[in-house]
Number of protein chains: 2
Amino acid sequence: MKSSSIKVSDIGEKELIERIIKKTRSCFIDAENSHNAGLNSYSTAIGDDAALTDVIIDENSYLVSSSDMLIQSSHFPDGMSYYQMGFKSVAVNISDLIAMGAEPVGFLLNIAVPKDLLLDDFDEIICGVVGACDYYKMPLIGGDTNEAGEIIISGTAMGKVEKDMALMKYGFEAGDLVCISGELGLAALGFELLSSEESYEMASKLNQSLTDLAVFKALKPTPDYDNGRILADFKKDHIISATDITDGLASELYEILNADRKYQISNHANYEMSNNGRNLENDGDCNLENSYSKGIRIHEDKLPVEDEFKEISNALNLDYLDLFFHVGEDFELLFTIPKSLEDTLKEKMDFHAIGEIVEENTVEIVLSNGETREISSRGYEHLA
Amino acid sequence: MKSSSIKVSDIGEKELIERIIKKTRSCFIDAENSHNAGLNSYSTAIGDDAALTDVIIDENSYLVSSSDMLIQSSHFPDGMSYYQMGFKSVAVNISDLIAMGAEPVGFLLNIAVPKDLLLDDFDEIICGVVGACDYYKMPLIGGDTNEAGEIIISGTAMGKVEKDMALMKYGFEAGDLVCISGELGLAALGFELLSSEESYEMASKLNQSLTDLAVFKALKPTPDYDNGRILADFKKDHIISATDITDGLASELYEILNADRKYQISNHANYEMSNNGRNLENDGDCNLENSYSKGIRIHEDKLPVEDEFKEISNALNLDYLDLFFHVGEDFELLFTIPKSLEDTLKEKMDFHAIGEIVEENTVEIVLSNGETREISSRGYEHLA
C-alpha cells in the first residue's frame, strides 16, 4: 500500500527538481571515499544552467555540462520540420553553455524514434543535429538510438569555461542593471500562431514579416554564442550574473533572486568553487535568510517591444506582457551588470537594460501609466 | 512527396548509428575554425563504448562520456521496481565508462514520467539513481525533468582516463586470449522468466537459487567497476582491448573485429588519439582491407556455464548457447589479453578465457562434440 497518493503533476517540474537536488545532497559522495582523487576538490553548481565540475580540467577551467530532453508532443509544435527538431535539440543545450559563458567541447545525442518513421525523416533530424553542431562548432561525439512511441531527443552538451569567467545565476547588487540580450515574446507569439490557423491568418494580415519572424523564432531557436563569451570576458573584472530565458522571463527573475539568496546564505568562501557546494542550504543561518533583501524592478517603457507586436497581441486577445514575461523559448540571456559597465558593453553587444536590482524583496513592473504591479512567478512548467 | 518509403525499422539500430557517424564525419568541424583552441588536438573514438575527448583535460587524460536512454516499454521488464529502473539508468552508462577503463566524474539525469505517476514512485526512481551514483562514487551533477507517456530515463556519465590506460575495442593479435569477466546468459534467462509465469514456476522447481539469481541479474545489473580499472592498469604495458557486453556476446565479438579492422586500415599514427579520427574509413586503402585476417574461436568447453543453467534452459525449450551468445544485458566485459598475461591477471580478477584470436576471418565455436560452427552476429537490436 502506498502511504501517499500524490501524483507528480500535483507538484510540478520545479518542485520535482528540488526534490532531486535534496536527495542528491543527502547522499552526496564523500570526497575521501571517491574513486577519483580529483574529487577532493569536487564541486558543482547543481541548480544553475549547467553543471560545473572542476574535476579533470586543468587548474584554470571548469568542465561545464548540460543535458536536456525534448519530447515531440511537448516540445515540437505543429509545423516544425524534422531538421528543426534536430537543430532545437542542440540549441536548448548550447543555450545552457552560453549562459555559463562556456565554450563548447562536444555533444552526445540520444534519439528515440517510432518504428515506422521514414528513414528520410530520420536523416533530416540528424542533419538538423549535425547542422546545429556545425553552426556552434561543437563536434557530435557519441550517443545512442532507440525505439519509442514518439520522437524523443536527449542531448548533452559539454563545454569548458575559465574559472574566473563562469557566469552564475547569482551575484548582483542593488543598483545593478537587469538586462536581456534580445527581444522576448516572439517565440511565444509564434507558438500561438502555429497552434491556430485562424490566429495565423489574422496576424499575417496585420503584419506578414513580424508573423514570419515569430513563427521562425518558435521553430528554430538559435541562441547567440558570442553573447555568452562577451559577458564571460567582462566577468573577469565585474560582478555579472546570467541565465538563459527558457521558461519565461518572470520565472527566471525569481530564479536569479533565489540563487542569489542561497549564495548569500551559504558561506561565500565555501561556495565559491574552492569547496563543496553542499552547504548551499545551511538552514541554520536563519538571520542571513531574513536579512536578505534584494528585488527586481522592471520598467514597461524600457521593454524592447514593437508596436506591431502589441497590435497583433491585441488582435488575438492576448496580453502582450503575458507573452513577454510568462512563456519563454526565446533562448535570450537574462543578465545583470553594474551600471558603470553599460556603455562599454553597448560597444560589444546588443542588449536592453529593462530594469534594476532594488533593495526591497519584490519582483515588480512599473507600467507606462505609472502604476506598479507585482510580476507573478508563473512560467512554463512541465508536469504541472 | 518522399523520394523513399524506407522506414527506420527496415534498417535497424546499428545501421542507423552508422548513418549518424557518416553524417558526422562528412561535416566534421574544422579544427582551425573551432571556437575552442583545444580542438586543434581534438579527437574522438566515435563508435567505441564511450566518447573519448582530449580537449579540456590535462595532457595525460581523456574526458570519457557516455549517454544511454532507457525507455520503460523496451528496457524495463515486468517486475522491475522503480528503484531498479533508476539504478539501471546509471548502470548502463557506468558500464561504458568501465569498458574504457575510466574513473567516473559525474552523472547527468534526464527523466520523463507520465503526469499521473505517484510521487512516491518518482522518489523511488530517484533513490535508485542516487543509490547507484553512490555505489559507483559518481556524483549526480545535473539534469532535467519532463512529461512523457511512459518513463524515459536518459543518463550521461562522464569520466576520465589516463591516455595510456584507455581501453579501446581494437588492438589484439593472433594468439591473444578472448576473455569474459563473468558468467553470461543469466540476465537473458532472467528476462525469459520475468516474461512468463509458467517458465518461472518451472525453473523455480528445478533450482530456486539459480532462478532467483537470473531474475536478479535482469532486474539489477551491477557492472563491476574494479574490472575496468584493473585491465586499464595492465594496458600500460600490454596490448589489451575491451568492451562491455550489452547486446549479446556474439554481436560484441563482431564489433571488436570490426573496430580492429578499421583501426588497422586507418593510419595508426593518425588514429591513435594524436590526431583526428575522421580517416577511420579511408576506403582508398583497399589492399589493407583485403589483407586483414583475424578472427575469433570460442570453445564450448571453456564457457562458464553451470549444468543447472543448461538444465533449466532445456526444460524451457531454450538453447543455452542462444542465451549465452545472443541476448546480452549481463554488462560483463569482453576483453582480449596476451596469453602471457593470463596467470598474472588471474591474481587480480576473476575472468574466463573462453577462446582466442585466430588468423582466419572467422567467428566460430568449437562445440564439445568436436564440431565447429559459425557464430551468427545476431544480437539484440532496437528498431529492427
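Residues numbered from 1 in each chain as written. Chains lettered and ligands numbered in written order. Predicted model: local features only at pLDDT ≥ 70, side-chain atom pairs only at ≥ 80, totals over all residues. Heavy atoms only, no water.

1. Brief notes about the sheet that holds strand β6 (residues 177-180) of chain B
Residue and element names in this part refer to chain B.
And step 1. Ordered in space as β7-β9-β6-β10-β8-β11-β12, the seven strands form an open sheet in which the pairing is mixed. The open sheet has two free edges, formed respectively by β7 (241-244) and β12 (372-374), since each of these has just one partner strand. Each neighbouring strand pair of the sheet contributes to a mean axis angle of 25°, computed without reference to strand direction.
And step 2. As defined by bridge partners, β6 adjoins strand β9 (residues 333-337) across four bridges and the pair is classed as antiparallel. Directly across from Leu-177, in β9, lies its bridge partner Ile-337. (Pairing = 2+ DSSP bridges. Helix = DSSP H or I, 4+ residues; strand = E, 2+ residues; numbered from the N terminus. Axes fitted to C-alpha atoms, helices over the stretch in contact; angles between N-to-C directions.)

2. Examining helix α7 (residues 208-219) of chain B
Residues and elements named next belong to chain B.
And step 1. Relative to the 16 Å expected for 12 residues at 1.5 Å per residue, α7 spans 16 Å between its end C-alpha atoms, a close match to the ideal helical length.
And step 2. For α7, the full list of buried residues reads Leu-210, Thr-211, Ala-214, Val-215, Ala-218 and Leu-219.
And step 3. In this fold, the buried residues of α7 make contact with α3 (82-99), α5 (186-195), α6 (197-206) and α12 (307-315). (Expected span 1.5 Å × (residues − 1). Buried < 20%, exposed > 50% of the residue type's maximum accessible area, 1.4 Å probe, protein only. Contact = heavy atoms within 4.5 Å.)

3. Considerations on the sheet that holds strand β8 (residues 295-299) of chain A
All names here are of chain A.
And step 1. Across the sheet, seven strands lie side by side as β7-β9-β6-β10-β8-β11-β12; this open sheet has mixed pairing. The open sheet is flanked by β7 (241-244) and β12 (372-374), the only strands paired with a single partner. The average angle at which neighbouring strand axes cross in this sheet is 25°, direction not considered.
And step 2. One ladder, built from three bridges, connects strand β11 (residues 363-366) with β12; its direction is antiparallel. Opposite Val-366, over in β12, you have Thr-372 as the bridge partner.
And step 3. With respect to the sheet, helix α3 (residues 82-99) is in contact with β7 and β9 (333-337), its orientation differing from that of β7 by roughly 175°.

4. Focus: unusual backbone geometry
And step 1. Even without glycine at this site, Asn317(A) takes up a positive phi of about 60°.
And step 2. One can find Asn317(A) in the loop between α12 (307-315) and α13 (320-326).
And step 3. The class for Asn317(A) is exposed, based on a relative accessible area of 73%.
And step 4. Positive phi, normally seen in glycine, also occurs at Lys137(B), with a value near 55°.
And step 5. Within the fold, Lys137(B) resides in the loop between α4 (119-135) and β4 (140-147).
And step 6. Taking relative accessible area as the criterion, Lys137(B) reaches 23% and is therefore assigned partly exposed.

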